[in-house]
Structure formats: structure tokens, C-alpha cells
Amino acid sequence: MMKTIPIDNRNIPVRPLTRGEIKELKEYGFTIFGCAPTLETADESVEKVFNFVLHEDDIKYLDTLPNRNSVAVWKEIIKETYGAEEEEKNSQGTSDGTSTEKG
């Protein structure tokens, strides 16, 4: 299921990165468990992710807007890929290592 992010009068569709795409982003600080680019690789990692996930027209559109809009889209892609922090905080581990949701 694709999520859309409303930016001004446009809805920008985002999706999670695939496992294969994450492998291609390893040099930019991505692993299957999380994303931690360095200051040196941060800009390029955003560009690479946008090129994987976003339509070229949406990238061009974001380039015309304040940076906070691109950051919002970036954060949603990362949430879609790795899960939201709130979801992880609401999970409780069980003795067999699986997670259960708090109610």
C-alpha cells in the first residue's frame, strides 16, 4: 500500500525501500535494521533514496520548495521502510523473542 504525503496542493506518493534497494545504499549508512548516514553521505543518501522512491516530477517539484518539505518526505520514506518509533515503543518483547502490541 502506497502512502501519500500532502505537500502544498500536491500529494506525493511514497513507499518503503525494498531490501535490495537498502543493500545498494549500504555505503550511505543503510542496513536492513536502520539508516544512519554520516554528515558526508547525508545529502547523497537523500538523493539516492528519492531517486528510488519518488517520481522524477515530484523530485523536481520538491526542489522548488523550502527544504522542510523534502525533509518531511524523507522522514515518511524512512518511517515506511523501518517502522515508526511510536510503533516500536508500543511493542513488548515476549520470552520467545517475538513482539506483541500493547493495547
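Use the structure listed above.
Residues numbered from 1 in each chain as written. Predicted model: local features only at pLDDT ≥ 70, side-chain atom pairs only at ≥ 80, totals over all residues. Heavy atoms only, no water.

K.L.:
Is there a simple way to explain the pairing of strand S2 (residues 10-14) in this structure?
P.N.:
Successive side chains on a regular strand alternate, one facing one side of the sheet and the next facing the other. For strand S1 (residues 3-7) and S2, the ladder comprises five bridges, and the chain directions are antiparallel. Pairing of Thr4 across the sheet is with Pro13, part of S2. A loop of two residues connects S1 with S2, the two strands running antiparallel in sequence, and Asp8 in this loop sits at a positive phi of about 55°. (Pairing = 2+ DSSP bridges. Helix = DSSP H or I, 4+ residues; strand = E, 2+ residues; numbered from the N terminus.)

K.L.:
It is not clear to me how the environment of Ser70 should be interpreted in this structure. Could you clarify?
P.N.:
With respect to the helices, strands and loops of the structure, Ser70 is situated in helix H4 (residues 67-82). With relative accessibility at 11%, the residue Ser70 sits in the buried group. Put simply, Ser70 and Ile7 are 63 residues apart on the chain and 9.2 Å apart in space, counted from C-alpha to C-alpha. In this structure Ser70 touches Phe50 and Leu62, once residues within four positions along its chain are discounted. (Buried < 20%, exposed > 50% of the residue type's maximum accessible area, 1.4 Å probe, protein only. Contact = heavy atoms within 4.5 Å.)

K.L.:
Help me understand the environment of Phe30 in this model?
P.N.:
Relative to the helices and strands, Phe30 is located in strand S3 (residues 30-31). Its relative accessible area of 2% is what places Phe30 among the buried residues. As for Phe30 and Ser45, which are separated by 15 residues in sequence, their C-alpha atoms are 8.8 Å apart. Apart from the residues lying within four places of it in its own chain, the contact partners of Phe30 are Leu17, Ile22, Leu25, Cys35, Ser45, Val49, Trp74, Ile78 and Tyr82.

K.L.:
Please explain the nonpolar core as it appears in this structure.
P.N.:
Burial of nonpolar side chains together is a common tendency in soluble globular proteins. Core analysis: the biggest nonpolar cluster contains 22 residues, and Phe30, Leu54, Val73 and Ile77 have the highest contact counts within it. Those elements that place two or more of their residues in this core are S1, S2, helix H2 (42-53), helix H3 (56-63) and H4. Looking at this core element by element, the count peaks at five residues for H4. Among residues more than four places away in sequence, those in contact with Leu54 are Ile12, Pro13, Val14, Ile59, Leu62, Val73 and Ile77. (Core = buried A, V, L, I, M, F, W, Y, C linked by side-chain atoms within 4.5 Å.)

Geometric descriptors of this kind do not, in isolation, establish any biological role.
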